[in-house]
Amino acid sequence: MFNRKSNKIVLLVLLLLFAVTCILYAEQDKKNPTNNSEVVFIKKIVIKGNKRTTTEIIRERITINEKQSYTLEDIIDEINRSRNNILSTGLFNDVFFDDVLDEDGNLELYVEVDEKNYFKLIPSGFVYVDKNKVHFHNSLFYEDVNFKGNKSKLKTKVSIYDAKGIEFGYSSSQLKDLWVEINLGYIDSAHYPDQYCYISPAIKYNISGGFNLGFGIEAGKMGNTYLGIESPLRINKNNKELKSSFSMDFVPQLLFNHNDSPGYLLRIDGKYQKELMLQITNLFYGEINLSGGIIPERKIITSRARGNDPFNYTGNFRFSITEEILMPLIFNYNIKIGLFFDGDIIGDTQSLNSGKVLVGGGFSFRWYHYILNPLYIDIALGKGVMLNFTTMF
């Protein structure tokens, strides 16, 4: 009997100790949460590595606030969200987050950015040769995509040979999702009977989820003065898992000419890009252009099929497609080579028989250099031979 009672007493004591231990641990968890539920006070956030970009541009994209408490789970989520926000500016190669706990257990968060090169200096335009003619339609293009360190853009294009002139552009983000820009230029082209000049202010607003809406005015003179009003809409969608992106533009424009009836222009285009295995990129592009009424000569629709003389094929409608495949070189991933195909149907809507089918194709070269970023060179064959330096998309 003594042994049985002793065993029962020992068992009851053990059960009691276990219950007390569970209660103590539960109380301790309430006072001091652990793992992802632990609350940490953000003492300060330090931004470094930005030699040119202003601190405000980076800070407004960090979703964690100083002097506030967060759980570890929330901190991890906000760091990932902040990193994506900063990289989406296109100003940085990478962003690094580091954290240090002080003696009181408060968190000091350090954000270090790796800035890109913000200058671009590249040739633009094209050289076209066939058995009857030679066109030198070239220019030198300069761009600073982080002018004054606040993500403003400044660009200049100086045209030579067939088209002589100079063009300027400036854009700035006054608010996080609102852009203001202005473009102006003067061109004396051998392909048009009149010199022309223009000025074009515009605003663009990022609505949400990759939707951008804009409004612009263009005033110019090409023989007669004209005024244009446009309201472009852009849709952007990216899929990181599939390594693909899609964008679409809808750009209507009304044109009012001095002493002439009004005209209009409409452009709808879409681009789909996907990264395949071994960093091989496939790109498909489609575009529809329509025009009507009286429009300035420089806005007449021309062919965009590389390898063909764009000034020889014009109309008031055009349907274009492009298929391009690019792959990096094994010994230098900053250089990509590939093949492309362009197709155009261009003509007059009043005479369907006037439509011309143009095709062109050839070899692509892209060099993602520190300054060129990138250099575009296309060697195209169509009705002639073209050396193209212009970004097509």
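None of the values given here were measured: they were computed from a predicted structure.

1. So, the pairing of strand E15 (residues 263-275)
Thought 1: Here twelve bridges tie strand E14 (residues 244-257) to E15, and the two strands are oriented antiparallel to one another. Counted as the bridge partner of Leu255 is Gly263 from E15.
Thought 2: Judged from the 13 bridges that link them, E15 and strand E16 (residues 281-293) form a sheet pairing that is antiparallel. Note on E16: the bridge partner recorded for Lys271 is Tyr285.

2. A short note on the pattern of salt bridges
A side chain with one charge can pair with a side chain of the opposite charge if their charged atoms come near.
Thought 1: What the rule picks out here adds up to 21 salt bridges.
Thought 2: Here Glu181 and Lys204 are joined by a salt bridge, their closest N and O atoms 3.6 Å apart. You can see Glu181 sitting in strand E9 (residues 178-189) and its partner Lys204 sitting in strand E10 (residues 196-208), a full 23 residues away along the chain.
Thought 3: For Glu181, a relative accessible area of 23% translates into the label partly exposed.
Thought 4: Two residues, Arg366 and Glu324, come together in a salt bridge whose shortest N-O distance is 3.3 Å. With a gap of 42 residues between them, Arg366 in strand E21 (residues 351-367) and Glu324 in strand E19 (residues 317-329) connect regions that are remote in the sequence. Glu324 matches Arg366 in its accessibility class, with the two residues each being buried.

3. A closer look at the side chain of Arg366
Thought 1: By relative accessible area, Arg366 is classed as buried at 2%.
Thought 2: Excluding residues that lie within four positions of it along the chain, Arg366 makes contacts with Arg306, Glu324, Leu326, Asn334, Ile335, Lys336, Leu375, Tyr376, Ile377 and Asp378.

4. Some remarks on helix H3 (residues 72-87)
Thought 1: Over its 16 residues, H3 runs 23 Å from end to end, which matches the ideal 22 Å to within 8%, given 1.5 Å per residue.
Thought 2: Considered for burial, the residues of H3 that qualify are Ile75, Glu78, Ile79, Ser82 and Ile86. Along the axis of H3, the buried positions cluster into a sector of 110°, meaning they face one direction only.
Thought 3: Here the buried face of H3 lies against strand E1 (39-48), helix H2 (55-59), strand E2 (69-71), strand E3 (92-101) and strand E4 (107-115).

5. Quick word on the nonpolar core
Thought 1: Within the largest apolar cluster, 20 residues are counted, with the highest numbers of intra-cluster contacts made by Ile62, Ile64, Ile75 and Ile86.
Thought 2: Of all the elements in the fold, those that place two or more residues in this core are E1, H2, H3, E3 and E4.
Thought 3: When near neighbours in sequence (up to four residues on either side) are disregarded, Ile62 contacts Ile45, Ile47, Ser82, Ile86 and Val111.
Thought 4: Counting residues in each nonpolar core, the second largest holds ten residues, with Ala163, Ile187, Met222 and Tyr226 among its members.

6. Some words on the environment of Gly149
Thought 1: With respect to the helices and strands, the residue Gly149 is situated in the loop between strand E6 (134-147) and strand E7 (152-161).
Thought 2: Expressed as a C-alpha distance, the spacing of Gly149 and Asn50, which sit 99 residues apart in the sequence, is 9.2 Å.
Thought 3: Contacts of Gly149, omitting those with residues within four sequence positions, involve Arg52, Thr53, Thr54 and Ile57.

7. What to know about unusual backbone geometry
Thought 1: Backbone geometry places Tyr161, a non-glycine residue, at a positive phi of 65°.
Thought 2: Looking at the secondary structure, you find Tyr161 in strand E7.

8. Let's talk about the sheet that holds E2
Thought 1: The mixed open sheet is built from four strands, whose spatial order is E2-E1-E4-E3. At either margin of the open sheet sits one strand with a lone partner, and together these are E2 and E3. When strand polarity is set aside, the average angle formed by the axes of neighbouring strands in this sheet is 40°.
Thought 2: Here H3 sits on the sheet in contact with E1, E2, E3 and E4, set at roughly 155° to E3.

9. Description of the confidence of the model for the protein chain
Thought 1: Here the protein chain averages 85 in pLDDT, while 88% of its residues score no lower than 70.
Thought 2: Across residues 29-34, where pLDDT falls below 50, the model places one contact with residues more than four positions away in sequence or in other chains.

10. A closer look at the pairing of strand E5 (residues 119-129)
Thought 1: Bridge count for E5 against E6 is eleven bridges, and the pairing is antiparallel. If you follow Ser124 over to E6, its bridge partner there is Ser139.
Thought 2: The loop that links E5 with its antiparallel partner E6 comprises four residues.
Thought 3: In this sheet, strand E23 (residues 385-388) lies alongside E5 in antiparallel orientation, the contact comprising four bridges. Paired with Phe126 across the strands is Asn388, a residue of E23.

11. Concerning the environment of Leu154
Thought 1: As for its placement among the helices and strands, Leu154 is situated in strand E7.
Thought 2: With a relative accessible area of 25%, Leu154 lands in the partly exposed category.
Thought 3: Sequence separation between Leu154 and Glu181 is 27 residues; the distance between their C-alpha atoms is 9.7 Å.
Thought 4: Once residues lying within four places of it in the same chain are set aside, the contact partners of Leu154 are Tyr142, Glu143, Asp144, Phe147, Gly169 and Tyr170.

The rules behind the values
- Residues numbered from 1 in each chain as written.
- Predicted model: local features only at pLDDT ≥ 70, side-chain atom pairs only at ≥ 80, totals over all residues.
- Heavy atoms only, no water.
- Pairing = 2+ DSSP bridges.
- Helix = DSSP H or I, 4+ residues; strand = E, 2+ residues; numbered from the N terminus.
- Salt bridge = Lys/Arg side-chain N within 4 Å of Asp/Glu carboxyl O.
- Buried < 20%, exposed > 50% of the residue type's maximum accessible area, 1.4 Å probe, protein only.
- Contact = heavy atoms within 4.5 Å.
- Expected span 1.5 Å × (residues − 1).
- Arc of directions from axis to C-beta.
- Core = buried A, V, L, I, M, F, W, Y, C linked by side-chain atoms within 4.5 Å.
- Axes fitted to C-alpha atoms, helices over the stretch in contact; angles between N-to-C directions.
- pLDDT = per-residue confidence, 0-100.

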